[in-house]
Amino acid sequence: MPIDNYEEVGGYPLDPEVQEELLLTQNECCFIWGPKDHWAVGVFMSYIWRHGRFWLTATSQRKRVAAIKRDDRASVAVSSAGTHLGPARTATAKGRCILHDDEETKSWVYPDIARAILGDQPELVEMFTAMLDSERRLVFELVPEKWITYDSTKLMADSITAWIAQNSDEPDGSG
């Protein structure tokens with residue numbers, strides 16, 4: 001795509017396979033909701049991406065739980081920072097949030113979140129999972145309805161092409 005400035009970068013979405021890799025690789029997101037006063041609030045939370053949905057957990061006394069019970073609309077923003085995908089690849093999902101307090105959901109989400117955070121350390125994963133399994137803890141399931149994604153590698157490729165084209169039209173000084 002021809003580019004001569006960075007005013008509009010909406011034409012650089014993540015390819016579906018890169019988006020999926022990002023969501024499976026990263027384990028931290030910004031969870032964003034609308035509280036009573038309508039000032040958007042976001043906190044960083046650990047998550048897992050399974051079955052085309054985000055899965056997170058928090059205890060029921062958190063203000064975000066009351067907010068989601070009032071209005072189930074929320075967003076999750078994920079960055080590639082700190083992953084092998086490099087910087088400036090992002091995916092934001094707008095969706096509806098379902099709160100779960102059933103043992104069946106907790107029994108697979110807690111260990112998966114623990115593994116996402118701790119990797120292949122079975123004893124630590126087991127201890128972390130046990131700590132998550134507390135009386136007031138809930139599981140959030142965010143079901144994406146709309147995506148906003150961005151891939152800076154595409155922008156940079158077009159930028160380099162534009163820079164080369166601009167500089168190839170100038171005389172090189174040889175004569």
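Here we summarise the structure given alongside this text.

Definitions and limits used
Residues numbered from 1 in each chain as written. Predicted model: local features only at pLDDT ≥ 70, side-chain atom pairs only at ≥ 80, totals over all residues. Heavy atoms only, no water. Helix = DSSP H or I, 4+ residues; strand = E, 2+ residues; numbered from the N terminus. Contact = heavy atoms within 4.5 Å. Areas by Shrake-Rupley, 256 points an atom, 1.4 Å probe, with all protein chains shown as cover. Pairing = 2+ DSSP bridges. Axes fitted to C-alpha atoms, helices over the stretch in contact; angles between N-to-C directions. Phe/Tyr/Trp six-rings, centres within 6.5 Å; stacked < 30°, edge-to-face > 60°. Buried < 20%, exposed > 50% of the residue type's maximum accessible area, 1.4 Å probe, protein only. Arc of directions from axis to C-beta. Core = buried A, V, L, I, M, F, W, Y, C linked by side-chain atoms within 4.5 Å.

1. Quick look at the overall build of the protein
Across its full length, the protein carries 5 helices and 7 strands. Counting from the amino terminus, helix and strand elements in the protein follow one another as α-β-β-β-β-α-β-β-α-α-β-α. Taking all contacts inside the protein whose residues are at least 6 apart in sequence as the whole, residues at least 24 apart take part in 71%. A total of about 10,700 Å² of accessible surface is found on the protein, and carbon and sulfur atoms cover 54% of it.

2. A short note on the sheet that holds strand 1 (residues 28-33)
Overall, antiparallel pairing links the 7 strands, which are arranged 2-1-5-6-7-4-3 in an open sheet. Each edge of the open sheet is held by one strand with a lone partner, namely strand 2 (41-46) and strand 3 (48-50). With direction set aside, neighbouring strand axes in the sheet form an average angle of 35°. Sheet topology places strand 1 next to strand 2; 6 bridges connect them, and they run antiparallel. Each residue of the ladder has a partner; that of Phe31, found in strand 2, is Val43. Against the sheet, helix 1 (residues 16-25) touches strand 3, strand 4 (53-59), strand 5 (73-79), strand 6 (89-100) and strand 7 (137-151), its axis set at about 60° to strand 6. Taken strand by strand, helix 2 (residues 63-70) contacts strand 1, strand 2, strand 4, strand 5, strand 6 and strand 7, and its axis lies near 55° from that of strand 1.

3. Examining the pairing of strand 5
Both strand 1 and strand 5 contribute to a ladder of 4 bridges, which runs antiparallel. If you follow Trp33 over to strand 5, its bridge partner there is Ala74. Pairing geometry for strand 5 and strand 6, over 7 bridges, is antiparallel. Bridging across to strand 6, Ser75 finds its partner in Lys94.

4. Points about the packing of aromatic side chains
Both the distance between ring centres and the angle between the ring planes are used here to describe each pair of aromatic rings. Following the criterion strictly, the structure yields 7 aromatic pairs and no others. Judged by centre distance (5.4 Å) and plane angle (90°), the rings of Phe31 and Phe140 are edge-to-face. A residue pair is termed long-range when its members are at least 10 positions apart, and Phe31 in strand 1 and Phe140 in strand 7 qualify at 109 residues. For the pair Phe31 and Phe140, a shared accessibility class is recorded, and that class is buried. Three or more aromatic residues joined by ring pairs make a cluster, and in this case those are Tyr47, Trp49, Phe54 and Trp147.

5. Quick notes on helix 4 (residues 122-132)
Where helix 4 is concerned, the buried positions are Val125, Thr129 and Leu132. Projection of helix 4 onto a plane perpendicular to its axis shows the buried side chains occupying an angular sector of 60°, all on one side. Projecting away from the buried face of helix 4 at angles above 90 degrees are the exposed residues Glu123, Glu126, Met127, Ala130 and Met131. Residues of helix 4 that are buried sit in contact with strand 4, helix 3 (103-118) and strand 7.

6. Points about the nonpolar core
Within the largest apolar cluster, 26 residues are counted, with the highest numbers of intra-cluster contacts made by Phe31, Tyr47, Phe54, Leu56, Val78 and Phe140. Of all elements in the fold, only helix 1, strand 1, strand 4, helix 2, strand 5, strand 6 and strand 7 reach the threshold of two or more residues within this core. Every residue in contact with Tyr47, bar those within four places of it in the chain, is listed here: Leu22, Leu23, Gln26, Asn27, Glu28, Cys29, Phe54, Trp55, Leu56, Val78 and Ala116. Within the second largest apolar cluster, 7 residues are counted, among which are Trp55, Val109, Tyr110 and Ile113.

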